Each structure stands twice: as C-alpha cells, then as structure tokens.
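# Structural features, examined
Here is what each chain is made of, one letter per residue.
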Amino acid sequence: MSFLPACKELDRQPLGDMIRNFGENAVLRALDKPTLSSEDYMALLSPAAEPHLEAMAQAAHKRTLQHFGRTIQLFTPLYLANHCSNHCVYCGFNARNDIPRSQLSMDELRVEAEAIAATGLKHLLILTGEAPNKAGVDYLEEAVTVLAPIFPSVSIEVFPMDEADYVRLIGAGVDGLTVFQETYNKELYEKLHPAGPKRVYDYRLEAPDRGCRAGMRVVNIGGLLGLDDWRRESFMTGMHAAHLLHAYPGVDIAVSLPRMRPHTGAFQPAHIVDDRQLVQIMTALRLFLPRVSITISTREAPEFRDNILPLGVTRMSAGVTTAVGGHTKGNDTAQFDISDPRSVDEMCSALKTRGYQPVFKDWEPITSPGSHEIAR
Amino acid sequence: MNDLFDIGGKSLQSRLFIGTGKFADDTLIPQVCEASGSQVITTALRRVDMDAATDNIMQHIPEQMTLLPNTSGARNADEAIRIARLARAMGCGDWIKIEVISDSKYLLPDGYETAKATEVLSKEGFVVLPYMNPDLYVARSLVDAGAAAIMPLGAPIGTNRGLRTEEMVRILIEEIDLPIIVDAGIGKPSEACQAMEMGADAVLVNTAIATADDPIAMGHAFGNAVAAGRQAFLAGPGATRTLATASSPLTGFLGGGQS
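Residues numbered from 1 in each chain as written. Chains lettered and ligands numbered in written order. Predicted model: local features only at pLDDT ≥ 70, side-chain atom pairs only at ≥ 80, totals over all residues. Heavy atoms only, no water.

Naming follows an unreviewed UniProt entry, where chain A appears as Thiazole biosynthesis protein ThiH of Desulfovibrio ferrophilus. The record held by UniProt for chain A lists under Cofactor (unreviewed entry) the comment "[4Fe-4S] cluster". (UniProt positions renumbered as here; feature names shortened; annotations may be inferred.)

Right, dumping it as structure tokens:
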C-alpha cells in the first residue's frame, strides 16, 4: 500500500493545531525515549520544544555520530535540461518564465560529466524539468548510459514516472530517486501548480512508492520549506519517510530539507523558515528516524552549513550549479540561486577543519551493466 | 603463554578485529591499528575507490593487516557474491565478511541469504566470515555451507548497546565448532572483555572506536580488554554461587562427617 491513504487521512486532521497543543512534559518525555512514536515527533516539532533546542541538538548529534560517524557523503547535481511544461509558481523553470531553454546533447553531457568527475565526486544527481517530449525516459536512459561508466552512483530528480520506467532506468544504471512533494497540503498544492502534469498530487505522492517497488537502492523525499506551515509539513515528511522505511525495508530512505530560495519570478514564500526552526526540524527528524540520511544542499549559506554539520546532516552537495551545462558553460539558466558556492576542494577542507571526513564514494554498482561489473 | 588464534590459514596474536567506517579522518586508521594491536581490519568494498589518486581508504591500511573486505550494501546472496568476486578481482584477497542486509531500519542480517552466499563463496575458495543473528539453526547452516568462522551480533550495528544477545551467543559458543567472533553492538571495552570471558574467540569493533573522542586511546583500551577477557577465559574463572558460603554455618552443630 502506498502512502496515499495515510496521507489523505492525515490531511484531514488539524495537524498544525495538534502540534501547537503539546506541552513541555511531552517534549521531555520524547527526549528521554530511545525510540520515538509519531506523537513524540509531533511534540519535538511543537513550540513547547523550542526552549529545549540545545538538548535536542545534543541528542541528535549523539544519534548521528552513532549511526553515521564523522562522515559526510558528497554529491553534486547535473542539470540535463530546463524545458518544462509545468507552471509551478515558485520555480525558475516555470513554463511561463522567459529564460533561455536548453538540453545537453550526449556529447555535451560527456564533457560536463568529465568536468565533474575531475573534481573527484562519484555520486551524481541528474535533473531535468518536466518535458517528456524533449527530455523523456528515452533521453534519460541514453544519458545514464553515458554517465554510469563514469560515476558509481547516479540518482535522478526528474518528473515522476511509472514503475516500469523506473525499472528501465535502473537497468541503465540509476540507483537513486529523489522526488520532492513540495507541499503535502493538497489544497495548497493545487494552487501552487495551476497547470501542467505536475498538478496531479496523487501521482507525485506515490512516485517514491513506485521507485521503491521498482528496486531503487536509495529514495529521497522532502517538502519545500516555506510553502506551508513548517510544523505540519515537517510532520508529514517524517510520516512519509516512516511509511517508506516500514513498507520497503530494503531501501535506504533519505530526507532533504530544502528552504525556498530566490529564483526567476515574483513568488515569495508565505511561511519563512528561520535558522532556529530549520534546526528544530532537523533534530526532531533525526531523533524520530535515527537512520535516515539527511541532506542539506547549497541552498544554505556556507557558515550555516558548517554549523549544522553535527546536528544530523549526512549528505551535502558541493561544487554546485543549477544551470544546464553549468559546470562547463556558465550559469545563465539557473533554476534558483545557490548560497554556498564553494568548490569541492573548499568543501572538503571545511569538513576536515570541523573534524568530518568527506566521503566521495559510498556505492559500488553490483547489478548495473556499467564498467564495474565482474564477469564470471 | 602462546595462545594463537588460527583462522583461514592464518595465526593471529590479536583477537580484536577492527573496522574502517565512521572515522573523522582515515589517516587515523594506522594509529588505531597500532594502538589496538589488531591484525584484521574490515572495510566496505562499496567505499573502496581504486580510481582515486588520493583519499583511497586502502592507502591507509597498514601492510601487516589482514584485510577483511565486507559486502555491506548487499541485499541478497547474489549481490553479496558479486561484491566478493569484485573484491578478489580488485586484489583485496580471499577473506570476505558476508553482510546481507535488507532491513534499512535495524540493519539486521538475513540468515537465509547469508547461508546461500556462504555456500557459493566457500566453494570458490574464499575464507568466508558471515555476519549473522545469533541463531543456532542459522549457525549450523553456516557450518554446513563452509564458513571459516561465524560472526554473531551482540546488538544491532552501530548501537553501542553491548552484549544484548549474551544468552544466544553463549549457546553458539557451546554448540558450534567454528570460531565465534562477536560482531556489532559492542560499545565499551568492558563488553568486549565480557564476550571474551564467555569464550568467544574474537570480537569485531568499529563504531565504539571510530566515534570515540580519542579513537587511538579507545583502540588501545579495546586491545587490552580483549586480551584480558581471553586470559580470564583461559584461566578458568571460579564458580559462581547464588548463596553465600557462610563462615559460621547454621548446620555446624550437626557435625556430620566433620568430627
């Protein structure tokens, strides 16, 4: 069963009010437990938890150290195309935005990939807008065939697709899937996505389930913080991750915590998430789900990224451009502005200074047709 | 006393195996090896990057160590077998620690798939050390499959919760005629010592050393604790009693046989 029925049920609840009604005792009880229930998680997201942020941070640090050690896995995104038929009001790729549109040819992709590989990075996340007639499954499959011999791990953050298409891409060498629901508030979701295929909330919500069933090794989810009440959104994200963990025990479940960034367009987030609130979200999530990977991207500023390292983070992007071909051609088609422009070398140096080991490679392909296969 | 530990054609003086994961800096590894006295080190093949000019974990593993690559990331027997073959093809030797885990929440090993991989790989000449739940039936199937030792967990990986499976490990020590290496969950030197006192042949420790404030000092402490536990086991601890032996017994007046 997918997350959809549980999500619909939760969506009917006044979650924001429920979270705001927790008292200090519930917070202290949650902080004292080795295993947290969904009610405990709610308590840690509540206003009553705010005075206990330091205790949450200490506990989250301990759990993260225990399960992940002092290591941070590095990856970088590669934008393949920015054609898009969606009208997401908060996104620079919105079909109505007058920006230069482009798509990498396989030769251009190879050059871009080699530029990234030269930095030492081994984990790659490829992205597109949603334009299946231009950058559809055939194009992605061809691109992955180019990338798989160069990178031991290739993940996708593209449009949601059917399970059979995920199976096809896994066969080409994809091992990870990222799908952000953006907001779990269905009514708001429909307002923010006025036109285009992304408008179908249920199909997007069930994409992580389809990816898990198809055999993805890692499935990464998240909401876009800023669109709706962050307490409610964070609770829903945690419940979504908990569902996936329970339903697909063989899949590594990961959560990203992206905050809204400036982009091409006039949209302003209605619910700004400040630094203290992001720390509360991350530490509550770490205590609720101690083994999930947590990603903090270059949407965040360098100093903030460095300071939150001990609080639950396990994966970071580095050497990032959000433009198509941005690693070799420049930055004029960026999806959004990044805050941490540090190179891979600079990121490694910053991590080491803080007592963390940057991990470039954390996967060896064993089922893909890439060059790593050992024939019998 | 010359108490060597023979396994897979090697004689080891240290009964502490260590890991390479979770360190803040891989350059600590040689110092931890030296301080702990360990001679066997495990590393996840998925993290080995032979192409990297620098920062390849293999560069930090001292030559005198016996490398025990592990199949971390494998979710079934077939994947574990592929990783083992890959490890051998990459020059990592014939020792392999089988980890088959398809539970990302608790990271508990799949005994059935582990036994299948063990059978295939032992026939291919690998020295197979399977990570397992301390279950007698699984242990017997691993013996039949050709394992060189078995590695029962003390507690789930990375938890540092100690020897939670003590009673089950004790049964394996009594019943299984293979070396027993307690793996996973050991959080303190005292717990490693406890496992050795019980009669385990060795212990594997990673998280407790790698995430200590001073991994080198903690490696040293674990080396000493494992040696102490082994010595205590060999020395034959005195019997324990539920009741005290009174110096002025209440039945002394009976005088039976003691006159």
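Resuming the write-up.
Attention shifts here to the overall build of chain B. Looking only at helices and strands, one finds 8 helices and 10 strands in chain B. The C-alpha extent of chain B, read off along each of the three principal axes, is 80 × 40 × 40 Å. Looking at the 259 residues of chain B, the share that counts as buried comes to 54%. Summarising the internal contacts of chain B: among those between residues at least 6 apart in sequence, 64% fall at separations of at least 24. When the accessible surface of chain B is split by element, carbon and sulfur atoms take 50% of a total near 11600 Å². Charge separation in chain B, taken as the distance between the mean sites of 20 positive and 31 negative side-chain charges, equals 4 Å. (Helix = DSSP H or I, 4+ residues; strand = E, 2+ residues; numbered from the N terminus. Buried < 20%, exposed > 50% of the residue type's maximum accessible area, 1.4 Å probe, protein only. Contact = heavy atoms within 4.5 Å. Areas by Shrake-Rupley, 256 points an atom, 1.4 Å probe, with all protein chains shown as cover. Lys, Arg positive; Asp, Glu negative; His and termini not counted. Charge placed at Lys NZ, Arg CZ, Asp CG, Glu CD.)

With that settled, consider the packing of helix α6 (residues 106-117) of chain A against helix α7 (residues 137-147) of chain A. Residues and elements named next belong to chain A. Remark: α6 packs on α7, axes separated minimally by 10 Å, with the N-to-C direction vectors making an angle of 40 degrees. In terms of axis orientation, α6 runs oblique to α7. Crossing of α6 over α7 shows right-handed handedness. The segment α6 lies against α7, with Met-106, Leu-109, Arg-110 and Ala-113 engaging Tyr-139, Glu-142, Ala-143, Val-146 and Leu-147. (Axes fitted to C-alpha atoms, helices over the stretch in contact; angles between N-to-C directions. Parallel < 35°, antiparallel > 145°, perpendicular 65-115°, else oblique. Left-handed = near helix turned anticlockwise from the far one by under 90°.)

The next thing to look at is the pairing of strand β6 (residues 252-256) of chain A. Residues and elements named next belong to chain A. Of all 5 residues making up β6, 4 are buried, and the element is well covered by its neighbours. When strand β5 (residues 218-223) meets β6, the two strands line up parallel, connected through 4 bridges. The residue of β6 that forms the bridge with Asn-220 is Ala-254. The handedness of the β5 to β6 crossover, carried by helix α12 (residues 230-247), is right-handed. As judged from the 3 bridges shared by β6 and strand β7 (residues 293-296), these two strands associate in the parallel manner. Residue pairing in the sheet places Ser-256 in a bridge with Thr-295 of β7. (Pairing = 2+ DSSP bridges. Right-handed = clockwise from strand over helix to strand, strands pointing away.)

Okay, the environment of B:Gly229 next. Residues and elements named next belong to chain B. Along the chain, the position of Gly-229 falls in helix α8 (residues 215-235). The sequence separation of Gly-229 and Pro-215 amounts to 14 residues, and the corresponding C-alpha distance is 21 Å. The contacts of Gly-229, once residues within four sequence positions are left out, are Cys-193, Met-196 and Glu-197.

Next up on the list: the pattern of salt bridges. Residue and element names in this part refer to chain A. If you walk through the whole model with that rule in mind, you get 36 salt bridges over all chains. The shortest N-O distance in the salt bridge between Asp-306 and Arg-342 comes to 3.2 Å. Of the two residues, Asp-306 sits in helix α14 (residues 302-307) while Arg-342 sits in the loop between α15 (326-329) and α16 (344-353), which places them 36 residues apart along the sequence. Neither residue differs from the other here; Asp-306 and Arg-342 are each classed as buried. Here the salt bridges do not stand alone but share partners, grouping Arg-305, Asp-306, Asp-340 and Arg-342 into one network. (Salt bridge = Lys/Arg side-chain N within 4 Å of Asp/Glu carboxyl O.)

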